[in-house]
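Below are the chains, spelled out letter by letter.
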Amino acid sequence: MSYDETGLAGWHAAPSGGGVTANGESFDLQGLTAAHHTLPLPTIVQVTNLENGRSVELRVNDRGPLPEGRIIDVSRHAAEVLGFAGKARPGSG
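Figured I'd write up the structure that's included with this text. Just so we're clear, the structure is a prediction, and the values are computed from it rather than from any experiment. (Residues numbered from 1 in each chain as written. Predicted model: local features only at pLDDT ≥ 70, side-chain atom pairs only at ≥ 80, totals over all residues. Heavy atoms only, no water.)

1. Describing the pairing of strand E4 (residues 55-62)
Now for step 1: Summarising the sheet, strand E2 (residues 33-35) and E4 pair through 3 bridges and their orientation is parallel. Bridge pairing links Thr33 to Arg59 in E4.
Now for step 2: Summarising the sheet, strand E3 (residues 43-48) and E4 pair through 6 bridges and their orientation is antiparallel. Residue pairing in the sheet places Val45 in a bridge with Leu58 of E4. (Pairing = 2+ DSSP bridges. Helix = DSSP H or I, 4+ residues; strand = E, 2+ residues; numbered from the N terminus.)

2. Thoughts on unusual backbone geometry
Now for step 1: Between Leu41 and Pro42 the backbone carries a cis peptide bond, its omega angle lying at -10°.
Now for step 2: Within the element layout of this structure, Pro42 appears in the loop between E2 and E3.

3. Side note on the pattern of salt bridges
Now for step 1: Under the criterion given, the structure shown has 3 salt bridges.
Now for step 2: Two residues, Asp73 and Arg70, come together in a salt bridge whose shortest N-O distance is 2.9 Å.
Now for step 3: Take Asp73: its relative accessible area is 0%, and that puts it in the buried class.
Now for step 4: For Arg70, a relative accessible area of 17% gives the class buried.
Now for step 5: In this structure, Glu80 and Arg76 form a salt bridge, with 4.0 Å as the shortest nitrogen-oxygen distance. Separated by 4 residues within a single helix, Glu80 and Arg76 lie in helix H1 (residues 76-82), roughly one turn from each other.
Now for step 6: Here Glu80 falls in the partly exposed class, since its relative accessible area comes to 38%. (Salt bridge = Lys/Arg side-chain N within 4 Å of Asp/Glu carboxyl O. Buried < 20%, exposed > 50% of the residue type's maximum accessible area, 1.4 Å probe, protein only.)

4. Here's the deal with the environment of Arg70
Now for step 1: Mapped onto the elements, Arg70 comes out in strand E5 (residues 70-74).
Now for step 2: It is 7.0 Å that separates the C-alpha atoms of Arg70 and Gly10, two residues lying 60 residues apart in sequence.
Now for step 3: Side chain to side chain, Arg70 and Asp73 meet in a polar contact 2.9 Å long. (Polar contact = N/O pair within 3.5 Å; in protein donor to acceptor, adjacent residues only side chain to side chain.)

Rendered as structure tokens:
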């Protein structure tokens, strides 16, 4: 499957299920994971911060909810690797 989307990303503090992701995994703030509304679970995606060029592969294992306007929320560790953990506010999902 080929997929390419450009838009806003944020980081999530905890899944809406309170510790369990949409596909039943334990949520890990230090994992390299993400939440996306429509991609199959699990899917590996490459996320690039267009402001600094940092890129990382993440495992999509959750659905959100994502705040309006975001296409993906990443784990706190992924946001740190991508260099935006201090800039973006965590999402609700």
